[in-house]
Number of protein chains: 2
Amino acid sequence: MTKQIILKSRPTGKPTTDNFKTRLIEVPQVADGEVRLAAHLFSVDPYMRGRMSDAKSYIAPYQVGEAIVGGLIARVVESKSKNLKVGDYVMGRLPWQEEMVIAAEGLQKLDEKIAPLSYYLGILGMPGLTAYFGLLDIGKPQKGETVVVSGAAGAVGMVVGQIARIQGCRVVGIAGDDAKNDYLLKELHFDAVINYKTTENLEEAIALACPSGVDIYFDNVGGEISDAVITQISKGARIIICGQISLYNATSQPFGPRIQPTILKRSALMQGFIIGDYSARFSQGLRALTGWVNNGLLKYKTTSYKGFESLPEAFMALFEGKNLGKLIVEV
Amino acid sequence: MTKQIILKSRPTGKPTTDNFKTRLIEVPQVADGEVRLAAHLFSVDPYMRGRMSDAKSYIAPYQVGEAIVGGLIARVVESKSKNLKVGDYVMGRLPWQEEMVIAAEGLQKLDEKIAPLSYYLGILGMPGLTAYFGLLDIGKPQKGETVVVSGAAGAVGMVVGQIARIQGCRVVGIAGDDAKNDYLLKELHFDAVINYKTTENLEEAIALACPSGVDIYFDNVGGEISDAVITQISKGARIIICGQISLYNATSQPFGPRIQPTILKRSALMQGFIIGDYSARFSQGLRALTGWVNNGLLKYKTTSYKGFESLPEAFMALFEGKNLGKLIVEV
């Protein structure tokens, strides 16, 4: 028997512990081509909130009564696959279970020599690739341009800012905590930071931090922070819509200032994307990210929760803006 | 002496006759390199509303007490230029005056043999080029895709729809008048039309007219019409922000449903542009448009007002949705 966490009910607004339930399930025998895995590092990510609703989206909703599924790094504890042996670490989109039996095919074998395992959920995983393709492919940053990133201390945001610095841009980070901002400024060498929770006039603060306007806005949060940034975009600006975490828990249609007149006046571009759009080019992105990690140009932070049963709590913490960098749960 | 129309005061909300004033001014002698022009066809365009305000935009505001400036086709009545002779027709950004003396340099000489003069203000002028580059360059229409155009019976919209048809797309036009929609359907062969004024549930009507979603939305109007269209965009949709005429007379910041979550979920692109962004490629656009006009693939309509003093009235009519095709004033 092993523990499994299911979606007990769809959240209305912010998820609560009531939306989750832990239960015991049988783990089947390992058949040919399969492996038995012991969970090691779970990834909790904002996009999973979307899957908890049944609204039309780019990804199918979770089913009530079934296991939550997400990114997981696990250790092979029994193998009937030629390609994986006991002790190997693998990554996949896997259920919230302590143990599971799964087809070996489709699992990605990880190499601990290249990077610490947790990196594969962060800077060398989906968040890193999201930052890489969103910023470089959509944003097309030019040397000397000003890049603003919201959710700057998050799993994606801190990579965006550092890649923008590597491209020779001025980087302004927006986050909701002075300690996080300190880290961005001192450790990651952002040019300026804004604490949206303590700044009285956000629009003015952005204008001050971006004297020649915002050329690229990498948006992880949406809502009023984005309203303020968009007032400051320059001619030909690019707005990358990566996340809208401030709206994911909305219980009714969110309203805000209409942005099309500004998009028009500034001949600006806004582009939404999901990382799956770039799957054919993941290896290119990973090569670049690995290179920057190895030569010290990219640093990364992980916030980890301990214990399988802390998964719901860790997930809910995403919406409190508590995490610095990638949020994971270690079993 | 000649008549000149000046901006008497900046409009608050909808422009009224009180914002304009006709006065008599001296016309100077013609110096070397100059010509004297008699106004023939004035272009009145929605973008001019923006210049009547003093808000930051892509084009400098008109000054109160000075002549309104816009597109004009005029006849040379006296010439001290080697390049222009009496009787020639020229086009330029010129003041609202019956007669004027102006440097010949910078005026575009028009050829009546290629097309009727009025076409140079419409299908072979800025509106035609706007439709051409907006749709093809930003929209990148593919055969079989569905294109929705708002302001479909306007100077730009009717060209957009026809070019989309030439590209093999399904074309759905939105306009506010049954007679206009009849014209789009029967004369311009749009696949479907929606009268936004008489349709109770616009979102539903768009969903019905676009069973596989909206791949390209060419937006001339903004506001609630666009809200409804955006709910129906398909994965990878392109939204071209060409105009926002429903908002140009707003006296406070317009609010509406936030669109970024939809842009994100559908990996959609939104791009604002002004035709000046494409000036280096005007001749390419004009060649294509002229070709389509000559072989009958592109039709065009002009609504004309008569008499110099009807300029303010004609301009104000733009915001009433009264015009079919390009609105001009004939002197």
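Residues numbered from 1 in each chain as written. Chains lettered and ligands numbered in written order. Predicted model: local features only at pLDDT ≥ 70, side-chain atom pairs only at ≥ 80, totals over all residues.

Engineer: What am I meant to see in the interface of chain A and chain B here?
Structural biologist: Frequently, the measure chosen for interface size is the accessible area removed from exposure when the parts meet. Chain A puts 28 residues into the contact, and the matching count from chain B is 28 residues. When contributions to the side of chain A that touches chain B are tallied by element, the ones reaching two or more residues are β13 (255–257), α7 (260–265) and β14 (269–272) of chain A. With five residues, α7(A) is the largest single contributor of residues to the side of chain A that touches chain B. Looking at the side of chain A that touches chain B residue by residue, the class counts come to 14 nonpolar, 10 polar and four charged. Alignment of β13(A) against strand β13 (residues 255–257) of chain B, held across three bridges, turns out to be antiparallel. By the bridge assignment, G256(A) is partnered in β13(B) with G256(B). (Contact = placed C-beta atoms within 7 Å. Helix = DSSP H or I, 4+ residues; strand = E, 2+ residues; numbered from the N terminus. Nonpolar A, V, L, I, M, F, W, Y, C, P; charged D, E, K, R; others polar. Pairing = 2+ DSSP bridges.)

Engineer: Help me understand the confidence of the model for chain A, please; the structure alone is not making it clear to me.
Structural biologist: Interpreting fine coordinate detail is not advised for predicted regions of low pLDDT. The pLDDT averaged across chain A works out to 95; a share of 99% of its residues lies at or above 70. What the predictor reports for the complex is a pTM of 0.94 with an ipTM of 0.93. (pLDDT = per-residue confidence, 0-100.)

Engineer: Got a minute to help me understand the packing of helix α2 (residues 126–139) of chain B against helix α8 (residues 282–294) of chain B in this structure?
Structural biologist: Relative placement of two packed helices is described by the angle separating their axes and the distance separating the axes. Residue and element names in this part refer to chain B. The N-to-C vectors of α2 and α8 enclose an angle of 100 degrees; their axes lie 10 Å apart at closest approach. Looking at the two axes, α2 sits roughly perpendicular to α8. In this structure, α2 uses G128, L129, Y132 and F133 to contact α8, whose residues at the interface are F282, G285, A288 and L289. Looking at the contact of α2 with α8 residue by residue, the class counts come to six nonpolar, two polar and no charged. (Axes fitted to C-alpha atoms, helices over the stretch in contact; angles between N-to-C directions. Parallel < 35°, antiparallel > 145°, perpendicular 65-115°, else oblique.)

Engineer: Is there a simple way to think about helix α4 (residues 178–186) of chain B in this case?
Structural biologist: All names here are of chain B. When we look at burial in α4, the residues that qualify are K180, N181, Y183 and L184. Across the axial projection of α4, the buried residues extend over an arc of 155 degrees, all falling on one side. Exposed positions of α4 whose direction lies more than 90 degrees from the buried face are D178, A179, D182 and K186. Where α4 is buried, its residues meet α3 (157–166), β9 (170–175) and β10 (192–195). (Buried ≥ 20, exposed ≤ 12 C-beta atoms within 10 Å, placed from the backbone. Arc of directions from axis to C-beta.)

Engineer: Looking at this structure, I do not really get the relation of the copies chain A and chain B. What am I missing?
Structural biologist: The relation between the two chain copies is a rotation about an axis coupled with a shift along that axis. Note on the copies: chain A fits chain B at an RMSD of 0.0 Å, the axial shift is 0.0 Å, and the rotation between them is 180 degrees. Here the transformation between the copies is reduced to the relation of a two-fold axis. Among all residues of chain A, the one whose C-alpha sits closest to the rotation axis is M270(A), at a distance of 2.5 Å. When the interface residues of chain A are mapped onto chain B, 100% of them are again interface residues, pointing to one common binding face. (Least-squares fit on C-alpha atoms with pLDDT ≥ 70 in both.)

Engineer: Help me out: how do you make sense of the environment of I216(B) in this one?
Structural biologist: Residues and elements named next belong to chain B. With respect to the secondary-structure elements, I216 resides in strand β11 (residues 214–219). On a C-alpha basis, the gap between I216 and W292 in space is 22 Å, while along the polypeptide they are 76 residues apart. Those residues in contact with I216, other than ones at most four positions away along the chain, are G139, P141, E145, V147, A237 and R238.

Engineer: Sorry if this is basic, but what is going on with unusual backbone geometry here?
Structural biologist: In terms of backbone geometry, most residues other than glycine have negative phi values and most peptide bonds are trans. Residues and elements named next belong to chain A. Even without a glycine there, the phi angle at H189 is positive, about 60 degrees. One can find H189 in the loop between α4 (178–186) and β10 (192–195). Looking at H189, the number of C-beta atoms within 10 Å reads 12, which means it is exposed. A positive phi angle, near 45 degrees, is found at S267, a position not held by glycine. Along the chain, the position of S267 falls in the loop between α7 and β14. With 18 C-beta atoms counted inside 10 Å, the residue S267 sits in the partly exposed group.

Engineer: Help me understand α8(B), please; the structure alone is not making it clear to me.
Structural biologist: Working note: α-helix, 3.6 residues per turn, so residues spaced by three or four point in the same direction. The end-to-end C-alpha distance of α8(B) is 18 Å, a good match for the 18 Å that 13 residues give at a rise of 1.5 Å each. A positive phi of about 80 degrees marks G296(B), the residue just after α8(B). (Expected span 1.5 Å × (residues − 1).)

Engineer: Is there a simple way to think about the sheet that holds strand β12 (residues 233–241) of chain A in this case?
Structural biologist: Adjacent strands of a sheet form backbone hydrogen bonds with each other and so pair up, either parallel or antiparallel. Taken in spatial order, the 12 strands of this open sheet run β10(A)-β9(A)-β8(A)-β11(A)-β12(A)-β14(A)-β14(B)-β12(B)-β11(B)-β8(B)-β9(B)-β10(B), and their pairing is mixed. With partners counted over all chains shown, the strands left at the sheet margins are β10 of chain A together with β10 of chain B, one partner each. Neighbouring strand axes in the sheet, compared pairwise and without regard to direction, differ in orientation by 15 degrees on average. Summarising the sheet, strand β9 (residues 170–175) of chain A and β10(A) pair through four bridges and their orientation is parallel. The residue bridging A175(A) from the neighbouring strand is N195(A), located in β10(A).

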